[in-house]
Amino acid sequence: MEAFNTIISKAAPLSLENVDTDQVIPARFLKATIRDGFGENLFRDWRFNADGSPKEDFVLNKVSGATILLAGKNFGCGSSREHAAWAIHDYGFKVVVSSFFADIFKNNALNNGVLPVQVSDQYLSTLFASVEQNPEHRITVDLENQQISIEGTNHVENFEINPYKKHCLINGLDDIDFLISKKKEIEEFERQAIA
C-alpha cells in the first residue's frame, strides 16, 4: 500500500445518503479478482448513460483531480463487497468523508489504503457548503493528528481511527506487510516458546 500522512486536496461532493456498494461498483463489473481496473466503473450507472456517454451533471464528470470524496450519511451500506473499496482507490480517492459508514465498508476501505473519515453531521454540512461555495477549496486530512480542516477557515474537526490501522496507513502496510515487519519479534517469540 502507499503510505500517507497528510492529504491536501479539493473534494468531489456526492451529497447522496445511503449510497450502497452496488451503486459504488455495480455487480456486473465484479468478475475480476485483482484490484486494478475497477476505477473506470466507479459509480458507473450514475456517471454514464446507457450508450456510454458521460452524464454531464454527475459530480465525477465535473470535478477532476480530487483525492477526497465527500459522501452523504450511511456511505457503503449494502453488500460486503471489497470491490467497492478497490474501485474508490483505483479511481484515485485516498479519503472518503461521511458522517456515517457501514462497518464492513469502513474495514474494507482501511484494508485497501482508503481512509474513511467519519465526522459529525454538522461538520459534513459545513464541508459540503464550503465546496459548493468554492469547488477549488482545499480540504486537509491530517492522519497523524486525526484532524480534518478546510483551507483558509477555522473549521477543524477531529476524527477517530483504530490505532493499528492508523499505523498501517502511515507506514504503507497491509496486514501481511505488518506481520512481515514483525518477523524478528515472531522468530524470537518462537525461540523462547521452544526453549
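Residues numbered from 1 in each chain as written. Predicted model: local features only at pLDDT ≥ 70, side-chain atom pairs only at ≥ 80, totals over all residues. Heavy atoms only, no water.

Just to check I follow, could you spell out the pairing of strand β6 (residues 139-142) for this structure?
On any regular strand, side chains alternate: one points to one face of the sheet, the next to the other face. Side chains of β6 alternate between two faces, with Ile-139 and Val-141 and Thr-140 and Asp-142 buried alike. Two elements, β6 and strand β7 (residues 147-150), share four bridges in a ladder whose sense is antiparallel. Note that in β7 the partner of Val-141 across the bridge is Ile-148. Between β6 and β7, which pair antiparallel one after the other, the connecting turn spans four residues, and Gln-146 there sits at a positive phi close to 55°. (Buried < 20%, exposed > 50% of the residue type's maximum accessible area, 1.4 Å probe, protein only. Helix = DSSP H or I, 4+ residues; strand = E, 2+ residues; numbered from the N terminus. Pairing = 2+ DSSP bridges.)

How should the sheet that holds strand β8 (residues 156-158) be read in this particular structure?
Each strand in a sheet pairs with its neighbour through backbone hydrogen bonds, running either in the same direction (parallel) or in the opposite one (antiparallel). In space, the four strands of this open sheet follow the order β1-β6-β7-β8, with antiparallel pairing throughout. The sheet is open, and its two borders are formed by β1 (6-9) and β8, each paired with just one other strand. Direction aside, neighbouring strands of the sheet carry axes that sit 10° apart on average. Together, β6, β7 and β8 form the strand contacts of helix α5 (residues 121-133), whose direction differs from that of β7 by roughly 35°. (Axes fitted to C-alpha atoms, helices over the stretch in contact; angles between N-to-C directions. Contact = heavy atoms within 4.5 Å.)

Sorry, what's going on with the sheet that holds strand β5 (residues 115-118) here?
Across the sheet, which stays open at both edges, the four strands sit in the order β2-β3-β4-β5 with parallel pairing between neighbours. Edge positions in the open sheet fall to β2 (11-14) and β5, since each of these has one partner strand only. For this sheet the average axis-to-axis angle between neighbouring strands, irrespective of direction, equals 20°. The pairing of strand β4 (residues 95-98) with β5 spans four bridges and is parallel. The residue of β5 that forms the bridge with Val-97 is Val-117.

I would appreciate a short explanation of the packing of aromatic side chains in the present structure.
How two aromatic rings sit relative to each other is set out by the distance from centre to centre and by the angle between their planes. Throughout the structure, instances matching the rule amount to nine aromatic pairs. Summarising the aromatic geometry, the rings of Phe-43 and Trp-46 are spaced 5.7 Å apart at their centres and angled 5° between planes, so their arrangement reads as stacked. Given the relative accessible area of 0%, Phe-43 is considered buried. A residue is classified by how much of its surface remains accessible, and Trp-46, at 24% relative accessible area, is partly exposed. Here the aromatic residues Phe-43, Trp-46 and Phe-58 are joined through ring pairs into a cluster of three or more. (Phe/Tyr/Trp six-rings, centres within 6.5 Å; stacked < 30°, edge-to-face > 60°.)

Sorry if this is basic, but what is going on with the side chain of Arg-81 here?
By the secondary structure assignment, Arg-81 is in the loop between β3 (68-71) and α3 (83-91). For Arg-81, a relative accessible area of 17% puts it in the buried group. A polar side-chain atom of Arg-81 sits 2.9 Å from the main-chain carbonyl oxygen of Ile-25. Within the local environment of Arg-81, its side chain forms a polar contact with the side chain of Ser-79, the two groups lying 3.2 Å apart. (Polar contact = N/O pair within 3.5 Å; in protein donor to acceptor, adjacent residues only side chain to side chain.)

Explain the nonpolar core here, please?
Core analysis: the biggest nonpolar cluster contains 28 residues, and Phe-43, Phe-75 and Ile-88 have the highest contact counts within it. Sorting the residues of this core by element identifies β2, β3, α3 and α4 (103-111) as the ones contributing at least two each. For this core, the element with the highest residue contribution is α3, accounting for four residues. Beyond its immediate stretch of four places on either side in the chain, Ile-88 contacts Val-24, Leu-42, Phe-75, Phe-93, Val-96, Phe-105 and Val-114. Counting residues in hydrophobic clusters, the runner-up holds 24 residues, among them Leu-70, Val-97, Leu-127 and Val-141. (Core = buried A, V, L, I, M, F, W, Y, C linked by side-chain atoms within 4.5 Å.)

In this structure, what is going on with α3? I would like to understand it.
Turn by turn, an α-helix covers 3.6 residues, leaving residues three or four places apart pointing in a common direction. All of the buried residues in α3 are His-83, Ala-84, Ala-85, Trp-86, Ala-87 and Ile-88. Looking at the buried residues of α3, the elements they touch are α1 (21-24), β4 and α4. Looking at the residues trailing α3, positive phi occurs at Gly-92, about 120°.

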